[in-house]
Amino acid sequence: MRGVSAFVWAAFSIVMFVNVASATRINNYAFQYCLALSELSLPEATQIGGYVFQYDYELSRIYAPKVTTLGTRAFWACGNRLEIELPSLVSVAQQAFDSCDLASISLPIATSIGQQAFYKTASPIAIYAPLVSSIGNSAFNNSAIEVASFPLLTSIGANAFQNSKITHIDCPKLTTIGQYAFYSCASLTEAIFPKCTTLGGTQVFQYCTSLATASLPLLTEIKNSAFLNCSNLKDINFPLVTVIREHAFENCTSLKEVTFNNTTNIEQYVFQGCTALETANLPDQTAMSGSMFKNCSSLENVNIPNVTGVYQYAFENCTSLRSISIPKATTLQNYCFRGCTSLEKIYLGSTPPSVTGNPFSGLTLTVYYLGGNSDWDSVIQNPNWGGATNITYLQY
């Protein structure tokens, strides 16, 4: 027997166990809708076609030691805590286990996992795939996978684990992560990827509300909304990052300290709403973008010695900020310090910055400035400079 396709629509039979000992190929749809089928042994089969076990809801065990190829949706929407052994499988096809109720699976030599391969798998599982180097788009999207280990994995596609139950993933050689890859993985506790150099798109870890640690030491750019609303994030390690895009850490309400020693481009809203943030070290940053630290109500210490521009709403409602030193500032924009009700001291340079609108709206504070420049002469006569309620000027 070389090919099998004889059991389609065996829903009303009493087929519960089949041993197709000599079959080398299982054709498309071969066991589709075999609602009573519970076990199947395929000792000689090397190929399983598409949709073969679709809707076989009672299937609990498959033994297929020589299968190297699976067709699309081979096990789609089948299984009752299915245990499956595929020791010779080279690649997991697109949607191969889509909506399958898996209990366990062995993939010792598979090198790739196709898109949506394990989409919406129903039961919690752990996967160890030692040779897999790439995972396709949405491969584990909405799946119940909890733990995964991929020692040789280098690339994760877009949406790969989105909305899944993943708690831990180990992939020490991973270099590229696609957009939305871990979006809304609410049980993921850490993202430690020592070789990762690229986030391929936006919102990679957005809404990972249990994520406490993120370490990507080779990453140079953090994309838009990468960690937006990661409310449990406490420890971050990005020593080589030079660019941080909009909303990257917005509403990370457990983050207490940020240090980016090499970053020169931080876009707007990046730390907005980080209500536990106390200290920010940004020694190479030259601009405080719009709303960068807006509503960071615990912010007390800011190290920004090279900043030349503080843009609108940058520090709005930073109610714990008492003093700030921006000696190189040439531009202060509207409402950049509005609502900083504890701000008492601001240190500026020898040339008064250009003021747009009311950067000091409603504040009473002391401005310290470097002497020796007559441009300050007219400014220090104005106690309401920049919309302030009252400013005292002192030379230092």
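Quick notes on the rules
Residues numbered from 1 in each chain as written. Predicted model: local features only at pLDDT ≥ 70, side-chain atom pairs only at ≥ 80, totals over all residues. Heavy atoms only, no water. Helix = DSSP H or I, 4+ residues; strand = E, 2+ residues; numbered from the N terminus. Buried < 20%, exposed > 50% of the residue type's maximum accessible area, 1.4 Å probe, protein only. Areas by Shrake-Rupley, 256 points an atom, 1.4 Å probe, with all protein chains shown as cover. Disulfide = S-S within 2.5 Å. Core = buried A, V, L, I, M, F, W, Y, C linked by side-chain atoms within 4.5 Å. Contact = heavy atoms within 4.5 Å. Pairing = 2+ DSSP bridges. Axes fitted to C-alpha atoms, helices over the stretch in contact; angles between N-to-C directions. Salt bridge = Lys/Arg side-chain N within 4 Å of Asp/Glu carboxyl O. Phe/Tyr/Trp six-rings, centres within 6.5 Å; stacked < 30°, edge-to-face > 60°. Lys NZ or Arg CZ within 6 Å of the ring centre and 35° of its normal.

**As for the overall build of the protein**
Stage number 1. A count of helical and extended segments in the protein gives one helix and 35 strands.
Stage number 2. Here the protein holds 396 residues, and 50% of them are scored as buried.
Stage number 3. Total accessible area on the protein is roughly 15200 Å²; 46% of this is exposed by carbon and sulfur atoms.

**Re the state of the cysteines**
Stage number 1. If you walk through the whole model with that rule in mind, you get zero disulfides.
Stage number 2. Free of any disulfide, Cys185 has its nearest neighbouring cysteine sulfur in Cys208, separated by 5.1 Å.
Stage number 3. With relative accessibility at 0%, the residue Cys185 sits in the buried group.
Stage number 4. Taking relative accessible area as the criterion, Cys208 reaches 0% and is therefore assigned buried.

**Some words on the nonpolar core**
Stage number 1. Of all hydrophobic cores here, the largest spans 126 residues; its most connected members are Phe150, Phe182, Phe249, Phe315 and Phe337.
Stage number 2. Listed by contribution, the elements that provide at least two residues to this core are β8 (82–85), β10 (102–106), β12 (125–128), β14 (145–149), β34 (364–369), α1 (376–379) and β35 (390–395).
Stage number 3. No other element matches the three residues that β34 contributes to this core.
Stage number 4. Apart from the residues lying within four places of it in its own chain, the contact partners of Phe337 are Val310, Phe315, Ile324, Ile326, Leu332, Leu343, Ile346, Pro359, Phe360 and Leu363.

**What to know about the sheet that holds strand β16 (residues 168–170)**
Stage number 1. With respect to topology, three strands assemble into an open sheet ordered β12-β14-β16, the strand pairing being parallel. Only two strands of the sheet have a single partner each, and these edge strands are β12 and β16. Going from strand to strand, the sheet's axes swing by 15° on average, the running direction of each strand aside.
Stage number 2. One ladder, built from three bridges, connects β14 with β16; its direction is parallel. Bridged to Val147 within β16 is His168.

**Overview of the pattern of salt bridges**
Stage number 1. Inspection of the entire model under this criterion finds seven salt bridges.
Stage number 2. A salt bridge links Arg245 to Glu221, with the nearest nitrogen and oxygen atoms 2.9 Å apart. Taken together, the positions of Arg245 in the loop between β23 (243–244) and β24 (257–259) and Glu221 in strand β21 (residues 221–222) put the pair 24 residues apart, joining distant regions of the chain.
Stage number 3. Note that Arg322 is salt-bridged to Glu344, the shortest N-O span being 3.9 Å. Taken together, the positions of Arg322 in the loop between β29 (309–310) and β30 (323–325) and Glu344 in the loop between β31 (331–332) and β32 (345–347) put the pair 22 residues apart, joining distant regions of the chain.
Stage number 4. Overall, Glu344 belongs to the partly exposed group, its relative accessible area being 42%.
Stage number 5. In the salt-bridge network here, residues are joined through shared partners; they are Glu221, Arg245 and Glu267.

**Looking at the pairing of β8**
Stage number 1. Across the two faces of β8 the burial differs, with Leu82 and Ile84 buried and Glu83 and Glu85 not buried at all.
Stage number 2. Bridge count for strand β6 (residues 61–63) against β8 is three bridges, and the pairing is parallel. By the bridge assignment, Ile62 is partnered in β8 with Ile84.

**Some points on the side chain of Thr121**
Stage number 1. For Thr121, the location among the structural elements is in the loop between β11 (112–113) and β12.
Stage number 2. For Thr121, a relative accessible area of 3% translates into the label buried.

**Description of the packing of aromatic side chains**
Stage number 1. If you walk through the whole model with that rule in mind, you get 37 aromatic pairs.
Stage number 2. Measuring from ring centre to ring centre gives 5.8 Å for Tyr183 and Tyr207, while their planes differ by 75°; the resulting arrangement is edge-to-face. Pair noted here: Tyr183 is in the loop between β17 (176–177) and β18 (190–192) and Tyr207 is in the loop between β19 (198–199) and β20 (213–215), with a separation of 24 residues, a long-range link.
Stage number 3. Overall, the relative accessible area of 36% leaves Tyr207 in the partly exposed class.
Stage number 4. Across the ring face of Trp76, the terminal group of Arg73 is positioned such that the distance to the ring centre comes to 3.9 Å.
Stage number 5. In this arrangement the basic side chain of Arg338 is found over the ring face of Tyr335, its NZ or CZ atom lying 3.8 Å from the centre.

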